[in-house]
Amino acid sequence: MPRAAKPLTTAAAALRRRLFSSSSGPSRWATPGHEEHPKGYLFNRPPPPPGQARKWEDWELPCYVTSFLTIVILGVGLNAKPDLTIETWAHQKALERLQMEQQQMSESD
């Protein structure tokens with residue numbers, strides 16, 4: 001066995017023993033879960049009774065407000081950015097040269 005593979009093999013074996021050992025009870029990384037069958041609801045939350053609205057969690061309002069503001073700021077900012085492409089610069093230079101040529105031709109007439 002090559003000398004470099006020995007530490008890697010040892011580390012993998014130690015990690016495997018740590019993950020799948022049952023000395024301190026079942027491992028939280030290797031157990032299948034605590035429910036036999038999922039309930040079938042989104043995020044495992046049953047819908048509220050008819051006529052009642054779902055209560056918002058603490059994280060929802062800041063998340064929605066931040067997402068909305070991000071979309072607005074990006075939309076305005078990306079539409080207002082200057083056009084610095086090489087094609088636009090070359091087009092402007094070509095128009096300037098055409099104007100200079102037209103002025104020279106009009107002056108010589």
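Residues numbered from 1 in each chain as written. Predicted model: local features only at pLDDT ≥ 70, side-chain atom pairs only at ≥ 80, totals over all residues. Heavy atoms only, no water.

A word on the overall build of the protein chain
Cut-off, in case you're wondering: Numbered from the N terminus, helices here are DSSP runs of H or I no shorter than four residues, and strands are runs of E no shorter than two. A 1.4 Å probe rolled over the protein chains alone gives each residue an accessible area, and that area as a share of the maximum for its type sets the label: buried under 20%, exposed over 50%, partly exposed in between. Residue burial considers only the protein chains on display, and all accessible areas are found by Shrake-Rupley using a 1.4 Å probe.
Counting its regular elements, the protein chain contains three helices and zero strands. Reading the protein chain from its N terminus to its C terminus gives the helix and strand order α-α-α. A total of 109 residues make up the protein chain; the buried ones form 2% of that total. For the protein chain, the accessible surface area stands at approximately 10,900 Å², while carbon and sulfur atoms represent 63% of it.

Thoughts on the confidence of the model for the protein chain
Rules: The predictor attaches a confidence to each residue, and that confidence, scored 0 to 100, is pLDDT.
Residues with a pLDDT of 70 or more make up 78% of the protein chain, whose mean pLDDT is 84. Taken element by element, the predicted model of the protein chain shows its lowest mean pLDDT in helix α1 (residues 5-20) (80) and its highest in helix α2 (residues 60-80) (96).

Topic: the packing of aromatic side chains
To keep it simple, the criterion reads: Stacked, edge-to-face and tilted labels apply to pairs of Phe, Tyr and Trp rings (six-membered ring for Trp) whose centres lie within 6.5 Å, assigned for plane angles under 30 degrees, over 60, and everything in between, in that order.
Within the structure shown, the criterion is met by two aromatic pairs. Ring geometry for W56 and Y64: centres 5.4 Å apart, planes at 85 degrees, overall edge-to-face. Among the aromatic residues, those joined into a cluster by ring pairs are W56, W59 and Y64.

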